[in-house]
Amino acid sequence: MKKRGCILALVTAFVMAATAMPAFAAEDRESGEIPDKSWQQEQIQDVRQVQGEYLVQYKEEAAEPSLVEEELSEYDASVVENVLPDVQLIEADTAALSKKEEIEFVKEVESLDDVEYVEPNIMVRAADTAASAKAKESYEQWGLNKIKAPQAWNKMGVVSGSATVAVVDTGVDGNHPDLKGRVKQGKTFIKRNSRGSAYGQNAWADDEGHGTQVSGIISANARNDIGISGAAGTYAVNILPVKVLDDQGNGSLADVIKGIEYAADQGADVINLSLGFYSYSVFLEKAVQYAQQKGCVLVAASGNEAEELAELKEMGISIGMGFPAALDGVLAVGATKKDDKRASFSNYGDGLDVVAPGLFIMSPFPEKIAKTANEEEIGEIYGNHESGYYLKMSGTSGAAPHVSAAAALYQLKNPAASGMEITNHLRNTARDLGAKGYDIYYGWGLLDAEKALSQKAAAIPGRSTVSLKNKGIRSIQVSWSPASAAEGYDVYRASGLTGEYKKIRAVSASGSRSFLDKGLETDTNYCYKVSAYKNINGKKVYGIASEPEFCATSALYMTLKGKAKGYKGIRLSWNRSKKAKGYILYRATKRTGPYKRIYKVGRKTTHYFDRKAVAGKKYYYRVKAYLRENGKTVYSDASNIVRKKTTLKRPALEARVEGGRALLSWNEVKGAQGYQIYRSKKKRKGYKKVAAIQGKSATSYASQRLKSGKRYYFKVRAYHKTAGKKGYGTFSFPKSVKR
């Protein structure tokens with residue numbers, strides 16, 4: 001299982017090897033090495049979130065997600081769209097909130113009955129790394145010989161049908177002469193380009209260049225006499241464009257997730273992901289697992305920030321590969337040079353699977369961009385209108401499509417093979433580089449397409465299902481179902497949804513598939529996964545990891561609910577905790593506090609009616625549980641915040657003129673102890689209080705001293721005293737009279 005460095009504080013997004021950026025005009029074009037880019041450390045550590053956007057996962061037993069929209073509106077949030085069947089993208093006005101207040105907002109949404117968890121919608125963007133480069137070489141395609149593509153084509157034999165590679169990227173130029181007839185109808189998921197102009201759903205054409213380059217490396221037409229040959233050769237490997245990045249290579253996590261799901265639903269055999277970011281997302285993992293269950297091979301670039309990450313490691317900040325490459329079952333691909341050495345920019349670490357050529361890889365480039373491009377910035381552009389334009393790509397973005405092409409060829413030759421079988425087969429048949437066996441710099445070695453097409457993929461283990469049960473304040477019972485053909489299981493645990501998974505137990509197939517995980521932190525959420533494995537040719541081969549089971553909480557996790565009961569007060573209730581000795585309720589007049597204790601009660605009482613809430617005033621509540629453990633009082637974390645206010649209804653005001661006076665009357669408001677009357681000469685402003693009347697039944701008033709020919713406006717509101725403080729209801733709608 002791959003190691004996940006899940007550090008939300010160290011987030012950036014990258015698209016591997018996008019077309020050249022100005023920062024690389026001075027790079028050494030002969031060696032392809034990248035100059036110093038220490039400024040990128042700030043980018044890698046910078047948190048990048050789409051402002052105000054969050055992904056919300058609903059519980060399995062939840063009602064229709066649409067039913068939650070009313071509850072979300074209480075937090076000034078609204079649903080933007082569905083991302084997965086049980087995941088929605090919501091938008092909230094959080095611009096004015098501090099980081100602490102935003103965290104509190106997320107906790108409040110997570111506390112809703114039907115919500116499982118929430119995470120920010122992270123930005124995915126093109127980074128200035130390992131850019132395309134001008135070189136002295138001609139159209140030489142050294143990468144094809146390195147992976148033994150021509151020999152692999154000879155191993156194909158007679159095949160029928162076609163294979164499809166979904167390129168989840170900036171779109172594809174389907175009119176490029178070297179791609180004509182190889183590109184299917186695609187779809188875009190990004191709404192607008194960098195200038196704010198709207199894309200249509202069918203506007204999947206490439207307006208950046210990156211996706212076209214990736215597609216050409218996979219499947220440029222080898223039958224014509226122009227340009228280059230894709231690694232798929234003459235075989236029917238088609239490209240499905242899935243546009244999730246705009247004309248600047250920018251996009252969001254939500255769009256990538258939707259793109260992966262769409263590609264799987266369209267029957268893609270392989271999904272190429274030459275993009276990513278440095279933050280674990282449970283939603284992204286769910287999308288990846290969805291595609292894996294549909295039989296897709298997922299191939300992702302490992303990233304191009306190796307030098308910058310090495311410097312960060314010296315500073316005590318450890319980050320490996322980007323996501324989705326770091327996820328289980330995704331083929332993480334690094335880049336090599338002509339001498340089979342790792343390219344200096346290529347990310348490495350635990351979980352790197354294979355490497356492939358990734359330096360000066362000739363690839364098709366959109367004509368519209370080529371004609372206006374600055375070669376001093378992006379490198380020398382080759383070709384013409386008839387043969388198409390071409391540009392050399394350097395980076396793991398150029399390495400990944402070699403692997404995608406090999407996976408597509410294998411699937412075409414062996415249509416019964418599953419996606420995970422092909423994934424493991426490409427690992428097992430790689431040519432060893434670096435230290436003997438697996439190493440963090442080359443993974444299992446260099447892609448060997450000939451060997452992969454010469455051998456049959458071995459069957460892999462099935463998939464387990466994990467179930468969790470809370471067993472008190474410090475223990476969780478972990479169990480899982482058997483997986484077919486498994487020789488053993490590795491169990492992994494993370495603290496919270498974004499923690500780093502660590503292997504906590506290895507169990508043989510004959511061992512117990514249940515154990516009690518003890519010594520956990522009180523009131524902490526944990527996430528578990530199980531991967532079944534078998535040994536093939538001395539290598540541990542894993543099936544699809546179980547879906548993460550998470551938020552198995554300790555006994556002291558509290559959820560608070562509240563309901564205003566008109567003017568009388570606010571009813572509060574909370575969950576009962578078996579281990580709790582009692583509960584403490586707190587109240588504040590601001591979300592950020594200070595919170596003061598208003599009620600302490602024993603463990604059997606789980607409700608309270610706050611009769612001291614002043615009408616019309618907002619109150620914020622939280623609750624904590626406590627117990628005695630080893631002679632000490634232990635408190636749970638505070639519950640979600642509940643915001644409520646008591647209300648007096650709006651009076652219905654009537655007004656008329658009689659004898660030079662304005663005669664006002666209104667209905668009796670339940671709970672009112674009196675009324676205030678306001679007057680103005682303008683409808684929307686300038687109101688001044690002219691009278692206050694005590695008694696709920698005092699529902700009329702005569703306003704004197706009206707000037708002839710003048711128009712006057714009146715409003716009235718009810719009030720109620722609580723603990724000596726007046727609380728006010730909503731003003732009536734204004735009524736006017738003219739003397």
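A short tour of the structure in this document, coming up. On a predicted model such as this, the values are computed, not experimentally measured, just so you know.

Reading the values: rules and limits
Residues numbered from 1 in each chain as written. Predicted model: local features only at pLDDT ≥ 70, side-chain atom pairs only at ≥ 80, totals over all residues. Heavy atoms only, no water. Helix = DSSP H or I, 4+ residues; strand = E, 2+ residues; numbered from the N terminus. Buried < 20%, exposed > 50% of the residue type's maximum accessible area, 1.4 Å probe, protein only. Contact = heavy atoms within 4.5 Å. Areas by Shrake-Rupley, 256 points an atom, 1.4 Å probe, with all protein chains shown as cover. Salt bridge = Lys/Arg side-chain N within 4 Å of Asp/Glu carboxyl O. Pairing = 2+ DSSP bridges. Axes fitted to C-alpha atoms, helices over the stretch in contact; angles between N-to-C directions.

## Things to note about the overall build of the protein
Next up, step 1: Within the protein, the secondary structure is distributed over 14 helices and 40 strands.
Next up, step 2: Relative to its full complement of 739 residues, the protein shows a buried share of 57%.
Next up, step 3: Long-range contacts, defined as pairs at least 24 residues apart, comprise 74% of the intrachain contacts of the protein with a sequence gap of at least 6.
Next up, step 4: Surface exposure of the protein reaches about 30,900 Å², of which carbon and sulfur atoms provide 45%.

## With respect to the pattern of salt bridges
Pairing between side chains becomes possible if they bear opposite charge and their charged atoms approach one another.
Next up, step 1: Considering all chains together, one arrives at 19 salt bridges under this definition.
Next up, step 2: For the salt bridge of E81 with K191, the shortest nitrogen-to-oxygen distance reads 3.3 Å. In this pair, E81 is assigned in strand β3 (residues 77–84) and K191 in the loop between β7 (187–188) and α6 (210–219), connecting sequence segments 110 residues apart.
Next up, step 3: The exposure class of K191 is partly exposed, given its relative accessible area of 48%.
Next up, step 4: When the shortest N-O distance is used, the salt bridge between K148 and D448 registers 3.9 Å.

## Considerations on the environment of K707
Next up, step 1: Relative to the assigned elements, K707 resides in the loop between β37 (700–703) and β38 (711–722).
Next up, step 2: A relative accessible area of 51% places K707 in the exposed class.
Next up, step 3: Once the C-alpha coordinates of K707 and K738 are considered, the two residues, 31 residues apart in sequence, prove to be 8.8 Å apart.

## Quick notes on the sheet that holds strand β24 (residues 539–542)
Next up, step 1: The four strands lie next to each other as β21-β20-β23-β24, forming an open sheet whose pairing is antiparallel. Among the strands making up the open sheet, the edge pair consists of β21 (502–508) and β24. Direction aside, the axes of adjacent strands within the sheet are offset by 35° on average.
Next up, step 2: Contacting β23 (526–536) and β24, helix α13 (residues 419–428) runs over the sheet at an angle of about 160° to β24.

Limitation: the analysis is restricted to geometry and does not speak to function.
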